[in-house]
Amino acid sequence: MEKHKLVTLVTASFYMKVSDINNLNLLANYLKLDKNLLKTICENDYIGLSAREILKYRADNSDLTLVIKKIKIYKKNGGIRTVYSPVSDSVINCLKVLNKKLSKIYVPSKNVFGFIKGRSVQSNASQHLGKKYVYKVDLKDYFECINSDMLEKAFMRLGFNKAVLDCLCKIVTINNTLAQGFHTSPTLANIVFIDLDNVFSNISKNITYTRYADDLYFSSDEEFEIHDFIVENLKKFGFEVNESKTRMMKRGSKQYVTGLTVFDPDYPRIAKRIKKKIRQEIYYIKKYGYKGHVMHKLKVKNKDYKTNEDVKNKVDLAISELQSKINGWLLYINSIEPKFSKKYSEFLYKKSFKPISNN
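Nothing here was measured: the structure is a model prediction, and the numbers come from that model.

Caption draft 1: Inspection of the overall build of the chain at higher detail. Within the chain one finds 15 helices and 12 strands. By principal-axis analysis of the C-alpha atoms, the chain measures approximately 70 × 60 × 40 Å. Out of the 359 residues belonging to the chain, those deemed buried represent 43%. Sequence-distant contacts in the chain: of pairs separated by 6 or more residues, those separated by 24 or more amount to 64%. Summed over all atoms, the accessible surface of the chain reaches about 21,100 Å², with 50% contributed by carbon and sulfur. Side-chain charges of the chain comprise 63 positive and 37 negative groups, with the mean position of each set lying 9 Å from the other.

Caption draft 2: How the structure looks around the pairing of strand 8 (residues 215-220). Burial analysis of strand 8 places six of its six residues in the buried class, the great majority of the element. Of the two faces of strand 8, both are covered, the one formed by Asp-215, Tyr-217 and Ser-219 as well as the one formed by Leu-216, Phe-218 and Ser-220. Two strands pair when backbone bridges link them, and strand 4 (residues 133-138) and strand 8 are joined in this way by six bridges, in the antiparallel orientation. Each bridged residue has a counterpart across the sheet, and for Tyr-135 the counterpart in strand 8 is Phe-218.

Caption draft 3: The arrangement of the sheet that holds strand 1 (residues 47-49) in detail. One open sheet accounts for three strands, arranged 1-2-3; its pairing is mixed. Of all strands in the sheet, those with a lone pairing partner are strand 1 and strand 3 (80-86), marking the two edges. Each adjacent strand pair in this sheet contributes to an overall mean axis angle of 35 degrees, direction not counted. Pairing of strand 2 (residues 67-74) with strand 3, which is carried by seven bridges, proceeds in the antiparallel orientation. The residue bridging Tyr-74 from the neighbouring strand is Ile-80, located in strand 3. This element, helix 4 (residues 51-60), spans strand 1 and strand 2 of the sheet and lies at about 120 degrees to strand 1.

Caption draft 4: Here's a closer look at the sheet that holds strand 12 (residues 269-270). In spatial order, the strands read 10-11-12; together these three strands make up an open sheet with antiparallel pairing. Looking along the sheet, the strands with just one partner apiece sit at the ends: strand 10 (256-257) and strand 12. The pairing of strand 10 with strand 11 (residues 260-261) spans two bridges and is antiparallel. In the strand pairing of strand 11, Val-257 is matched with Leu-260.

Caption draft 5: How the structure looks around the state of the cysteines. Applying the stated criterion across every chain yields a total of one disulfide. Between the sulfur of Cys-42 and that of Cys-167 lies a disulfide, 1.6 Å long from S to S. Taken as a pair, Cys-42 in helix 3 (residues 35-43) and Cys-167 in helix 8 (residues 165-172) lie far apart in primary sequence, 125 residues in all. Each of the two residues, Cys-42 as well as Cys-167, counts as buried. The thiol sulfur of Cys-145 is not disulfide-bonded, and the nearest other cysteine sulfur, from Cys-169, lies at 16 Å. Sulfur of Cys-169: no disulfide; nearest cysteine sulfur belongs to Cys-167 and is 9.3 Å away. On the basis of relative accessibility, which here comes to 3%, the residue Cys-169 falls in the buried class.

Caption draft 6: Region of interest: the environment of Asn-44. Position of Asn-44 among the secondary structure elements: in the loop between helix 3 and strand 1. Sequence separation between Asn-44 and Leu-66 is 22 residues; the distance between their C-alpha atoms is 8.0 Å. If we ignore the near neighbours within four places in the chain, the residues touching Asn-44 are Leu-66 and Lys-170. Polar contacts involving the side chain of Asn-44 include one to the main-chain carbonyl oxygen of Thr-40, which spans 2.7 Å.

Caption draft 7: Quick look at the packing of aromatic side chains. Applying the stated rule across the entire model yields 17 aromatic pairs. Relative to Tyr-209, the ring of Phe-200 lies with its centre 5.7 Å away and its plane at 65 degrees, an arrangement referred to as edge-to-face. An identical accessibility class is assigned to Phe-200 and Tyr-209; each is buried. Between the aromatic rings of Trp-329 and Tyr-332, the centroid separation amounts to 5.9 Å while the plane-to-plane angle is 70 degrees, which identifies the pairing as edge-to-face. Highlighted residues: Trp-329 and Tyr-332, both in helix 14 (residues 309-334), separated by three residues, approximately one helical turn. Among the aromatic residues, those joined into a cluster by ring pairs are Tyr-135, Phe-200, Tyr-209, Phe-218 and Phe-224. We note Arg-119 situated over the ring of Phe-113; from NZ or CZ to the ring centre the distance is 5.8 Å. Arg-273 extends its terminal NZ or CZ atom over the ring of Tyr-256, reaching a point 6.0 Å from the ring centre.

The rules behind these values
Residues numbered from 1 in each chain as written. Predicted model: local features only at pLDDT ≥ 70, side-chain atom pairs only at ≥ 80, totals over all residues. Heavy atoms only, no water. Helix = DSSP H or I, 4+ residues; strand = E, 2+ residues; numbered from the N terminus. Buried < 20%, exposed > 50% of the residue type's maximum accessible area, 1.4 Å probe, protein only. Contact = heavy atoms within 4.5 Å. Areas by Shrake-Rupley, 256 points an atom, 1.4 Å probe, with all protein chains shown as cover. Lys, Arg positive; Asp, Glu negative; His and termini not counted. Charge placed at Lys NZ, Arg CZ, Asp CG, Glu CD. Pairing = 2+ DSSP bridges. Axes fitted to C-alpha atoms, helices over the stretch in contact; angles between N-to-C directions. Disulfide = S-S within 2.5 Å. Polar contact = N/O pair within 3.5 Å; in protein donor to acceptor, adjacent residues only side chain to side chain. Phe/Tyr/Trp six-rings, centres within 6.5 Å; stacked < 30°, edge-to-face > 60°. Lys NZ or Arg CZ within 6 Å of the ring centre and 35° of its normal.

Structure representation (structure tokens):
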């Protein structure tokens, strides 16, 4: 009898509509999370700590449920981006489950390409091939602009019961804003942006609009001016333009969409500077081998490599990083320009260059 009740409960939760989830018990079951653990998350704030602070906190506390690791990423322009990673496996699993369920409910528009299964930077760029004008708009602090009020509306749009909105928002936010780095953040950001996507996709029948995360692209064969319109509407919905990264790209000059060039009307291409860099790296690998190439870049002499353990470790680490970097680039390029990737991938696995050696 008890077994029958359990099966009935599980079956009921499987077919349950999100509008029926009106208490913590049902929400915990929906998220496959312990009720008490969910209660802890919903009634308290996450604790954002650096790696060093976590070590100190761990020494005095056994419960790390609410601890979130803060990771600082330094941008090329000198700025700092902070991303967050939960320490607790239970919280990580909860976010994964929630994101999977959100992804099943959310129906993206044809204009959205970021973090959507089956869509990519390539399919995004393909919408703007061979256009005379390509206008890129970059959003400032995309995730940080999305607050709990905006998220409540997003959850309601998906049909969630009002009774659990506060708790859902607590799960996915830090300091009342969407937590960059959480599994749920890209999907929720896309949902929050639905109305703006609708506005921008209907600017003109002559203008093609797409969005990949916080990068908005508009293209046309006719000259257009929409900057003020974009700024006004973004502001209306709580977003702000990053003016330093917003620009019009005309045919004849460099035209990039999500990192790919779109001058060719047939298909997007990898930027020439990237292919040139790979060719250059492989040329030196062929000539000197990985070790010789890396030692030349680091200005390390062979005798120091042989006699100084720190120097040896530094060189070996640099070799490993170079291999990973080149392999990573070739894997990425393979999805865009497979002929280029195949040519150099095959070369790297041939014995026509000096292999890595400790001699």
